[in-house]
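# Architecture and fold: a report
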Amino acid sequence: MKAAVYYETGGPEVFSYEDVADPICQAHELLYRVEAVSIEGGDTLNRLGGVLESVPHIVGYQAAGTVLEVGSLVTGFAVGDRVVATGTHGSHAELRTVGASFCWKIPEGLATEIAACVPIAFGTAHDALFEFGMLQPGEHVLIHAGASGVGLAAIQLAKRAGATVYATASSSDRLERLKDFGLDHAINYADVDFEVAIRELTGGRGVDVVVDSIGGPTLQKSLRTMAYRGRCVSFGDAGREGTDKFDLSTLRGNNQRFIGYFLGAELFMGTRAYDMITGLLSDVASGELQVVIDKTFPLEAAGEAHAYIEDRLAFGRVVLVP
């Protein structure tokens, strides 16, 4: 099969497009033909400095396609089913094997390339808002990177739940487009300090929930935007700026919570998150929630696609097509 691979971590230029051995389907797995790859934020971070599972390495968490083989221990799936699946690596290829417990059937009528973008982005957003952020109707929520896949999902889900939604982005044009998805208050962090803006917009109160995918210095400032008994849910490091320590002393006096989150752990720990994502796929299929695909690249242009994301040009998802 063909795959976008690299031999060492680094910038998007490390990719090459090569023939590699076809994956072998194990008893607990499905083998499927990849028809659409959703490039996740973790894919770019792994390419930049993650662990190489093999050399050459095939990066990528999530992709959708058609089942070609079903392992002997797998039930509920058949050859010919359309599926979307997540895994630790391997999406940037023509073929992929994944554990059946990390696969979802694509609902009838839902396009494969749309389904490819749902589990991680919408699952992360839903858990950050509700399972861990405990967002309630009438509360105020700040969503960083509003134009990202998780950001767009979180804006829609928060608005549907009756929250007042604030979001950050570095482009006024993209922030204006987010209003069509439920954004109430737009904050261009390239022009204003988002911490100051939140205090002004909320009359000094702050927000009840922060959904922070940026990390680093942004996360420290996020903690200071919270209202009394506020909750900050942190996942990912999209800002690529590490920090040695955080000052959590302000949380105690305001009875606030800081929560680290990783969707993969929830999927490993039981069926709750799996069932939640099944419901989100149905909501996207019915049109209740929307996936935005900004741009599609051929698989051989994986480096170009990663660079496009890292230049912060995308509004929504970027997809690779083998």
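Our subject in this report is the structure included herewith. (Residues numbered from 1 in each chain as written. Predicted model: local features only at pLDDT ≥ 70, side-chain atom pairs only at ≥ 80, totals over all residues. Heavy atoms only, no water.)

### Side note on the environment of A163
Within the secondary structure, A163 is located in the loop between α4 (149–160) and β9 (164–169). When the C-alpha positions of A163 and L135 are compared, they lie 7.8 Å apart, and in sequence the two are 28 residues distant. Beyond its immediate sequence surroundings of up to four residues, A163 is in contact with L135, G138, E139, V141, A158 and D184. (Helix = DSSP H or I, 4+ residues; strand = E, 2+ residues; numbered from the N terminus. Contact = heavy atoms within 4.5 Å.)

### Observations regarding the pattern of salt bridges
Under the defined criterion, the tally for this structure stands at 17 salt bridges. The residue E35 makes a salt bridge to R33 at a minimum N-O spacing of 3.2 Å. E35 sits in the partly exposed class, given a relative accessible area of 26%. Assessed through its relative accessible area of 37%, R33 is described here as partly exposed. (Salt bridge = Lys/Arg side-chain N within 4 Å of Asp/Glu carboxyl O. Buried < 20%, exposed > 50% of the residue type's maximum accessible area, 1.4 Å probe, protein only.)

### With respect to the packing of aromatic side chains
Following the criterion strictly, the structure yields 6 aromatic pairs and no others. Plain terms: the ring middles of Y6 and F15 are 5.6 Å apart, the flat faces sit at 80° to each other, and that makes the pair edge-to-face. Per residue, the accessibility class of Y6 equals that of F15, and both read buried. Summarising the aromatic geometry, the rings of F102 and F268 are spaced 5.0 Å apart at their centres and angled 65° between planes, so their arrangement reads as edge-to-face. Residue F102 is found in the loop between β6 (95–99) and β7 (103–105), and its partner F268 is found in helix α9 (residues 263–269); the two are separated by 166 residues along the sequence. On the basis of relative accessibility, which here comes to 16%, the residue F102 falls in the buried class. One residue, K105, lies across the ring of F77, its end atom 6.0 Å from the ring centre. For the cation-ring pair, R177 lies above F315, with the distance from its terminal atom to the ring centre recorded as 3.8 Å. (Phe/Tyr/Trp six-rings, centres within 6.5 Å; stacked < 30°, edge-to-face > 60°. Lys NZ or Arg CZ within 6 Å of the ring centre and 35° of its normal.)

### Notes on the sheet that holds strand β13 (residues 257–260)
One open sheet accounts for 6 strands, arranged β10-β9-β8-β11-β12-β13; its pairing is parallel. Unpaired on one side and paired on the other, β10 (185–188) and β13 mark the two borders of the sheet. Ignoring which end each strand starts from, the neighbouring axes of this sheet average 15° apart. Two elements, strand β8 (residues 140–143) and β9, share 4 bridges in a ladder whose sense is parallel. Bridged to L142 within β9 is Y166. Each of β8, β9, β10, β11 (207–212) and β12 (226–234) touches helix α6 (residues 194–201); the most contacted strand, β10, lies at about 155° to it. Sheet strands touched by helix α7 (residues 216–223): β11, β12 and β13. Its angle to β12, the strand with the most contacts, is close to 155°. (Pairing = 2+ DSSP bridges. Axes fitted to C-alpha atoms, helices over the stretch in contact; angles between N-to-C directions.)

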